[in-house]
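The primary structure of each chain is shown beneath.
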Amino acid sequence: MALENLVPPPEALSARPVPAAGKKDSSMATQTTVSLAQETNPWEAQAARFDTAASKLNLDPGLWKVLRFPQREIIVHIPVQMDNGQVEVFTGYRVQHSVARGPAKGGIRYSPDVSLDEVRALASWMTWKCAVVNIPFGGAKGGVICDPRTMSQGELERMTRRYTAELIEFIGPEKDVPAPDMNTNEQTMAWIMDTYSMHMRQTVTSVVTGKPINMGGSRGRREATGRGVSVVCDEALKHLGMRPEDTTVIVQGFGNVGSNAAKCLWNKGYKIVGIVEYDGGLYNVNGLDISELLEYKARHSTIHGFPEAEAADKDDLLTRPCGILIPAATENVLTSLNADRIRARIVCEGANGPTTTVADEILAANGVFVIPDILANAGGVTTSYFEWVQDRMGYFWTEQEVNQRLDRIMSDSFTDVLQYAVAHNVDNRIAAYMLAVDRVAYTTKQRGMYA
Ligand code: NAD
């Protein structure tokens, strides 16, 4: 059967048609042609960037279709006994976009906003991200629709274990290796590792990354995404002729990525003037003491009320002048609604998908230097790769070894992306996609189509 007949019609995944190879797809390109709902659909955003990159690469039409869609999508309905004795059923997803370059790899998020389109987009971003930093993984993502803030530890554990059990034949060190994402953490990974190990009748530490260090986690993994963000910021500053001590930074999201990025940059002498959380922000024109803010948050479980800063409106803070704006919270933060008011010299995307395609164009027109998510936040998966390697060797590296290897991969990848941008006269995001799609397409073609 011809490949075309095996590929689901584009309408099944997206309202957008697959453009003919070699033709530029511009359906997401102008503000007037898309609604806000289309603009903020992460799958649409991913597909638009992929199509542009594929077009610029003159990608073979068959490969275009293969890489445009996820390889496998799994939906599970998970019964969980709640603490009050009632049974609730949660819907969970695992999408494996590609295994061309190695086992699928990607986080699991718990949130009321999880949707299949979001998980699809995140899975494909993982494929591109692993290829940008040239590590031997494909891409996957998982999510469960739930509100972890209203659930007890016992409920979260039972839900996590049953979700893992439902996915048991699809995950594994050589198949698909989950990791933490929004609202999941080292404890979640410990439960998944234990559940998988119970089914396999042996301890299999390399089935997940982002584990606690005492059970096969890697030193430096917790801080890795934020550290990677700081390395690409350093590289961008060198490229633009700026200096850390003269560079102000506003960070959105003070969770794993945002707080570690803020801490690393603060340690390097950058001035962190603003932190934005979902319920408000903090601002200090002279710079915040991030070490004290972290201690304050650990004591009070919030950043609000921190004495060394003024309270600020969360939306207003994103649009204040700064050297670097780091969206490190969630998707669709910079959109057609606010992109023209962004006054940062650099936007460094700690989060996945914080900028829509329409916002991309506005930022480009205003000369903002964007370090795209699939490069900027790849430090997490890079150190996850180190964790997987260490687990399989049974030999663990020092934090210094981990960080040195991470820093080198992040700065080399920044250079690779910038070279693509110059060579093909495209912005950094499309350059990163082109680099990634080129690598994945090359391997897919070389492996051939299994009939
Ligand atoms: P997290 O749950 O640890 O932190 C998220 C933070 O953002 C929290 O402090 C939360 O209160 C805040 N937040 C949520 N919605 C917000 C909003 N609308 N406005 C302002 N603040 C908001 O999650 P994380 O692991 O830091 O992940 C953040 C982003 O980074 C996600 O997009 C995730 O996919 C991406 N990411 C994470 C990693 C990782 O290693 N953790 C790696 C790559 C990418």
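Residues numbered from 1 in each chain as written. Predicted model: local features only at pLDDT ≥ 70, side-chain atom pairs only at ≥ 80, totals over all residues. Heavy atoms only, no water.

**Q** Break down the overall build of the chain for me, with residues and values.
**A** Regarding its fold elements, the chain presents 17 helices and twelve strands. Rg of the C-alpha trace for the chain: 21 Å, near the compact-globule value of 22 Å for 451 residues, within the 12% margin. Oriented by its inertia axes, the alpha-carbon framework of the chain measures out at about 65 × 55 × 45 Å. Evaluated residue by residue, the chain yields a buried proportion of 59% over its 451 residues. The long-range fraction of contacts in the chain, counting pairs at least 24 apart against all pairs at least 6 apart in sequence, stands at 69%. As presented, the chain carries roughly 18,400 Å² of accessible surface, and 49% of it is formed by carbon and sulfur atoms. (Helix = DSSP H or I, 4+ residues; strand = E, 2+ residues; numbered from the N terminus. Rg over C-alpha atoms; globule rule 2.2 N^0.38 Å. Buried < 20%, exposed > 50% of the residue type's maximum accessible area, 1.4 Å probe, protein only. Contact = heavy atoms within 4.5 Å. Areas by Shrake-Rupley, 256 points an atom, 1.4 Å probe, with all protein chains shown as cover.)

**Q** How would you explain the pairing of strand E8 (residues 280-283) if you had to name every residue and give the values?
**A** Taking every second residue as pointing to the same face, both faces of E8 are buried, with Gly280 and Leu282 on one and Gly281 and Tyr283 on the other. Pairing of strand E7 (residues 271-277) with E8, which is carried by four bridges, proceeds in the antiparallel orientation. Bridge pairing in E8 places Val276 opposite Gly281. Between E7 and E8, which pair antiparallel in sequence order, lie two residues. Alignment of E8 against strand E9 (residues 310-312), held across three bridges, turns out to be antiparallel. When the bridges of E9 are listed, Tyr283 appears paired with Glu310. (Pairing = 2+ DSSP bridges.)

**Q** So what about the sheet that holds strand E6 (residues 248-252)? Which residues, and what values?
**A** Taken together, the seven strands give an open sheet; going across it, the order is E9-E8-E7-E6-E10-E11-E12, and neighbouring strands pair in mixed fashion. The open sheet has two edge strands, E9 and strand E12 (369-371), and neither has a second partner. Geometrically, the sheet is characterised by an average inter-axis angle of 20° between neighbouring strands, direction not taken into account. (Axes fitted to C-alpha atoms, helices over the stretch in contact; angles between N-to-C directions.)

**Q** Quick one: what's the story with the sheet that holds strand E1 (residues 72-81), residue by residue and with numbers?
**A** Ordered by their spatial adjacency, five strands build an open sheet running E1-E2-E4-E3-E5, and the pairing between neighbours is mixed. The strands lining the two open edges of the sheet, one partner per strand, are E1 and strand E5 (176-180). Taking the axes of each pair of neighbouring strands and ignoring which way they run, one obtains an average angle of 25° across the sheet. Examined bridge by bridge, strand E3 (residues 104-111) and strand E4 (residues 139-145) share four bridges and lie parallel to one another. What sits directly across from Arg109, in E4, is Gly143. Docked against the sheet, helix H6 (residues 116-132) engages E1, strand E2 (87-98), E3 and E4, running at close to 155° with respect to E4.

**Q** Which residues make up unusual backbone geometry, and what values go with them?
**A** With a phi close to 60°, Asn134 is a non-glycine residue in the positive phi region. Structurally, Asn134 can be placed in the loop between H6 and E4. Located in the positive-phi region is Ser301, a residue other than glycine, with phi close to 60°. Topologically, Ser301 is positioned in the loop between helix H11 (290-300) and E9.

**Q** Residues and numbers for the packing of aromatic side chains, please.
**A** According to the stated counting rule, one finds eight aromatic pairs in the structure shown. Their ring planes at 75° and their centres at 5.6 Å tell us that Tyr296 and Phe306 sit as a pair that is edge-to-face. One end of the pair, Tyr296, is in helix H11; the other, Phe306, is in the loop between H11 and E9, with ten residues separating them in the sequence. Phe306 gets classed as buried once you look at its relative accessible area, which sits at 5%. (Phe/Tyr/Trp six-rings, centres within 6.5 Å; stacked < 30°, edge-to-face > 60°.)

**Q** Break down the site of the ligand for me, with residues and values.
**A** Within the structure, the ligand sits among 22 residues, and Asp181, Thr225, Val257, Glu277 and Asn352 are positioned closest to it. In this structure, a nitrogen atom belonging to the ligand sits 3.1 Å away from a main-chain N or O atom of Tyr278. Side-chain polar atom of Asn352 to an oxygen atom of the ligand: 2.8 Å apart, as the coordinates give it. For the ligand, the accessible surface in isolation is 820 Å², of which the surrounding protein chains cover 82%. Counting only elements with at least two residues in the shell around the ligand, the list comes to helix H9 (221-240), helix H10 (256-267) and E7. For the shell around the ligand, the class distribution of residues is eight nonpolar, ten polar and four charged. (Near = heavy atom within 4 Å. Polar contact = N/O pair within 3.5 Å; in protein donor to acceptor, adjacent residues only side chain to side chain. Nonpolar A, V, L, I, M, F, W, Y, C, P; charged D, E, K, R; others polar.)

**Q** Requested: an account of the pattern of salt bridges, with residues and values cited.
**A** For the coordinates displayed, the defined rule picks out 30 salt bridges. The shortest N-O distance in the salt bridge between Arg120 and Asp117 comes to 2.7 Å. Linking Arg120 with Asp117, this pair stays in helix H6, spanning three residues, or about one helical turn. On the basis of relative accessibility, which here comes to 8%, the residue Arg120 falls in the buried class. When its relative accessible area of 21% is taken as the criterion, Asp117 is described as partly exposed. Between Asp147 and Arg149 there is a salt bridge whose closest N-O contact spans 3.8 Å. One salt-bridge network, held together by shared partners, links Arg49, Glu349, Asp360, Asp373 and Arg429. (Salt bridge = Lys/Arg side-chain N within 4 Å of Asp/Glu carboxyl O.)

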